[in-house]
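Here's the letter readout for the chains.
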Amino acid sequence: MNAERITHIVAGIFILLSLLLGVEESPLFVSKNFLWFTAFVGFNLFQSGITSFCPLTRMLNKCGIKDGSCRT
């Protein structure tokens, strides 16, 4: 698995989890403030698409996980 794929998986998990914790209709609702985390992850995905800078991908590269294409 490459760094970009791991980044997409982590971002998806963070978004789904923060929605589960932040939407009042959810059985796991804690606080609406978790929606700010959803916005943060979305903004980070947006800026990384424009600037090609993603902190998680950079950390994964430093841990020895290589970049690669997202094709399966």
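Below, the structure is looked at part by part. Here the structure is a predicted model, which is why all the values come from computation and not from measurement.

1. Thoughts on the overall build of the protein chain
Okay, so step 1: The helix and strand inventory of the protein chain stands at 3 helices and 0 strands.
Okay, so step 2: The C-alpha radius of gyration of the protein chain comes to 14 Å, more than 25% above the 11 Å expected for a compact globule of 72 residues.
Okay, so step 3: On the principal axes, the C-alpha backbone points of the protein chain span a range of 40 × 25 × 20 Å.
Okay, so step 4: Across the 72 residues of the protein chain, 22% fall into the buried class.
Okay, so step 5: Long-range pairs, those at least 24 residues apart, make up 50% of the contacts in the protein chain between residues at least 6 apart in sequence.
Okay, so step 6: Split by element, the accessible area of the protein chain, about 5,400 Å² in all, is 68% carbon and sulfur.

2. Side note on the packing of helix H1 (residues 3-22) against helix H3 (residues 55-62)
Okay, so step 1: Direction vectors running N to C along H1 and H3 enclose 135°, while the axes themselves pass 9 Å from each other. Judged by the angle between their axes, H1 and H3 are oblique. With respect to the hand of their crossing, H1 and H3 are arranged in right-handed fashion. On H3, the residues that touch Ala3, Glu4, Ile6, Thr7 and Val10 of H1 are Leu56, Thr57, Leu60 and Asn61.
Okay, so step 2: Residue composition of the contact of H1 with H3, grouped by class: 5 nonpolar, 3 polar and 1 charged.

3. What about helix H2 (residues 34-51)?
Okay, so step 1: The end-to-end C-alpha separation of H2 is 26 Å, in line with the 26 Å expected for 18 residues at 1.5 Å each.
Okay, so step 2: Three or more residues of H2 are buried, namely Thr38, Val41, Gln47 and Ser48.
Okay, so step 3: Buried positions along H2 lie against H1.
Okay, so step 4: Ser52 sits one or two positions beyond H2 and adopts a positive phi of about 65°.

4. What to know about the pattern of salt bridges
Okay, so step 1: By the definition in use, this model includes 1 salt bridge.
Okay, so step 2: Salt-bridge contacts for Lys32 lead to Glu24; the nearest nitrogen and oxygen are separated by 3.0 Å.

5. Thoughts on the state of the cysteines
Okay, so step 1: For the structure on display, the rule yields 0 disulfides.
Okay, so step 2: Lacking any disulfide linkage, Cys63 is separated from the closest cysteine sulfur, that of Cys54, by 13 Å.

6. Observations regarding the packing of aromatic side chains
Okay, so step 1: Taken as a whole and judged by the stated rule, the model has 2 aromatic pairs.
Okay, so step 2: Among the aromatic residues, ring-to-ring pairing joins Phe14, Phe37 and Phe40 into one connected group.

Calculation notes
Residues numbered from 1 in each chain as written. Predicted model: local features only at pLDDT ≥ 70, side-chain atom pairs only at ≥ 80, totals over all residues. Heavy atoms only, no water. Helix = DSSP H or I, 4+ residues; strand = E, 2+ residues; numbered from the N terminus. Rg over C-alpha atoms; globule rule 2.2 N^0.38 Å. Buried < 20%, exposed > 50% of the residue type's maximum accessible area, 1.4 Å probe, protein only. Contact = heavy atoms within 4.5 Å. Areas by Shrake-Rupley, 256 points an atom, 1.4 Å probe, with all protein chains shown as cover. Axes fitted to C-alpha atoms, helices over the stretch in contact; angles between N-to-C directions. Parallel < 35°, antiparallel > 145°, perpendicular 65-115°, else oblique. Left-handed = near helix turned anticlockwise from the far one by under 90°. Nonpolar A, V, L, I, M, F, W, Y, C, P; charged D, E, K, R; others polar. Expected span 1.5 Å × (residues − 1). Salt bridge = Lys/Arg side-chain N within 4 Å of Asp/Glu carboxyl O. Disulfide = S-S within 2.5 Å. Phe/Tyr/Trp six-rings, centres within 6.5 Å; stacked < 30°, edge-to-face > 60°.

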